[in-house]
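Topology and contacts: notes
The chain contents come next:
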Amino acid sequence: MSWQEFPKLELHLHLEGAAPPALVRDLAKRRHIDISRAFNQAGGYAFHDFAHFLQVYEAATSVLKTPEDYAALTHAVLDTLEEQGVVYAETFISPDFCGGRDLAAWREYVAAMAELCQQRAARGGPDLRAIVTCIRHFGPDAAKETALCAAETMGAFVRGFGMGGDETMGRQGDFAWAFDCAREAGLGLTTHAGEFGGPASVREAVEKLGVRRIGHGVRAIEDPALVDLLAEREIFLEICPGSNLRLGLYPNLRAHPVERLRAAGVKFSISTDDPPFFGTTMVQEYQALERIFDWDAGLFGEINAMALAAAFCDGHTKANLTKRLKQADALAGDG
Ligand SMILES: [Zn+2]
């Protein structure tokens, strides 16, 4: 079985960050919005560091104006997931970009995306669920409104709450109210930490926000006691090696801590974060990990099991996915 066919689970994927450049350019043209500076000559997204990446991300997102635009984006993202052999994914969506944190508008965006996902899944396509994210650099008050939107739309599609944005702004603990609100609504919790923030940001996320999952978290490797704590408490890391390399956290995959975290017993999965921005795909991530660390199908099967256990979907969905993964295992055994 090729890595393309190997069934994969992806738990860290920003919906707008997965937007094909052609879709964004097409919408910009139709709306007469000039975002040509967001692209390089080859037609891909252009940025030079993380702060600039966030600006380009927001420029690309500015062309998505209606629930129909988000349904079209979701459709395109599902196409890519299917091509990459992803059977289950969780994607970050934000009321900040979908209706400006207005609950009535937000409901329309969620309904449009959820309906599309249901139709595609019914036809055997990938199963896509949402994690509603607040944007850290918009501050704690905006995060409260976002959490309320998330709580109101918790259901089959909206399963989690998280935080993205500029990790250098404010502290994790400033957002405790929003995370408590989401937890009470029954949403799974995750936050970006230990990417641009050091290990202390990971510790703070666990202690102040009570999250069981961390977006990235790779810089935990700088504090051996923290690595032990993550392993003992089974705090799960959504690791995105290609994203970390593209944003300059590590010079190459050999220097990336993913293999050391695995050896230390930390639970994790592999994702692409914002694939067209970072020039990556799920298949490329798998190929690189196989090439550099000799990871094989058995190990990627273990990663699937860890991802499934940490996924925010309901038990029925997990049972179906377990069956689907077992069938794939059996096929691989026959081949
Ligand atoms: Zn991310």
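What you see is a predicted model, and the numbers here were worked out from it, not measured in a lab.

Cut-offs used in this document
- Residues numbered from 1 in each chain as written.
- Predicted model: local features only at pLDDT ≥ 70, side-chain atom pairs only at ≥ 80, totals over all residues.
- Heavy atoms only, no water.
- Salt bridge = Lys/Arg side-chain N within 4 Å of Asp/Glu carboxyl O.
- Helix = DSSP H or I, 4+ residues; strand = E, 2+ residues; numbered from the N terminus.
- Buried < 20%, exposed > 50% of the residue type's maximum accessible area, 1.4 Å probe, protein only.
- Pairing = 2+ DSSP bridges.
- Donors = N, O, S within 2.8 Å, 3.2 Å for Na, K, Ca; no water.
- Tetrahedral: all angles 85-135°; square planar, octahedral: opposite > 155°, others 65-115°.
- Lys, Arg positive; Asp, Glu negative; His and termini not counted.
- Contact = heavy atoms within 4.5 Å.
- Core = buried A, V, L, I, M, F, W, Y, C linked by side-chain atoms within 4.5 Å.
- Phe/Tyr/Trp six-rings, centres within 6.5 Å; stacked < 30°, edge-to-face > 60°.
- Lys NZ or Arg CZ within 6 Å of the ring centre and 35° of its normal.
- Domains from an automatic or database assignment.
- Buried area = accessible area lost by both parts, 1.4 Å probe.

Per the counting criterion, the structure on display carries 16 salt bridges. Between E145 and R101 there is a salt bridge whose closest N-O contact spans 3.0 Å. Of the two residues, E145 is situated in helix α5 (residues 140-153) and R101 in the loop between β2 (86-93) and α4 (103-122); the sequence distance between them amounts to 44 residues. Relative accessible area serves as the criterion here: at 38%, E145 is assigned to the partly exposed category. For R101, a relative accessible area of 26% gives the class partly exposed. Across the salt bridge formed by R129 and D127, the nearest N and O atoms sit 3.0 Å from each other. Here the salt bridges share partners, and the residues they tie into one network are D79, E82 and R120.

Take the pairing of β2 next. Taking burial as the measure, the eight residues of β2 include eight buried ones, the bulk of the element. Here five bridges tie strand β1 (residues 8-14) to β2, and the two strands are oriented parallel to one another. In the strand pairing of β2, L13 is matched with T91. Note: β2 against strand β3 (residues 127-135), six bridges, orientation parallel. Counted as the bridge partner of Y88 is D127 from β3.

Note on metal sites: the ideal angle is 109.5 degrees for four tetrahedral donors, and 90 or 180 degrees for six octahedral donors. At 2.1 to 2.3 Å from the zinc ion lie its protein donor atoms, namely H12 (NE2), H14 (NE2), H192 (NE2) and D273 (OD). Taken together, the four donor atoms coordinating the zinc ion and their angles of 85 to 174 degrees define a geometry best described as irregular. Each donor residue of the zinc ion lies on one chain, and together they are spaced H-x1-H-x177-H-x80-D. Taken as a pair, H14 in strand β1 and H192 in strand β5 (residues 188-193) lie far apart in primary sequence, 178 residues in all. H192 matches H14 in its accessibility class, with the two residues each being buried.

What follows is about the side chain of R159. Relative to the helices and strands, R159 is located in strand β4 (residues 158-164). Buried within the structure, R159 lacks any salt-bridge partner; its nearest side chain of opposite charge belongs to D314, at an N-O separation of 5.0 Å. When near neighbours in sequence (up to four residues on either side) are disregarded, R159 contacts R129, A130, M154, L187, G188, F312, C313 and D314.

Attention now goes to the nonpolar core. One recurring pattern in soluble globular proteins: nonpolar side chains tend to sit buried together. Membership of the largest hydrophobic core comes to 109 residues, with the highest contact counts inside it found for F161, L230 and W295. Of all the elements, helix α13 (residues 297-310) adds the most residues to this core, at seven residues.

Let us now look at the packing of aromatic side chains. What the rule picks out here adds up to 22 aromatic pairs. Relative to Y286, the ring of F6 has its centre 6.1 Å away and its plane inclined at 50 degrees; by these criteria the two rings are tilted. Highlighted residues: F6 in the segment before β1 and Y286 in helix α12 (residues 282-293), separated in sequence by 280 residues. Exposure remark for F6: the relative accessible area of 8% places this residue in the buried category. For the cation-ring pair, R25 lies above F39, with the distance from its terminal atom to the ring centre recorded as 4.8 Å.

This paragraph deals with the domain arrangement of the chain. Domain annotation of the chain identifies domain 1 (8-19 + 64-334) and domain 2 (20-63). If you average the C-alpha positions of domain 1 and of domain 2, the two centres end up 23 Å apart. Each partner contributes residues to the interface: domain 1 has 24 residues there, and domain 2 has 19 residues. The junction of domain 1 with domain 2 conceals about 1,900 Å² of combined surface from both sides, 71% of it contributed by carbon and sulfur atoms. The partner of R31 in a salt bridge is D69, with the nearest N and O atoms 2.6 Å apart. Contributions of two or more residues to the side of domain 1 that touches domain 2 are made by α3 (67-83) and α11 (275-278). If one sorts the elements of the side of domain 1 that touches domain 2 by residue count, α3 sits on top with four residues.

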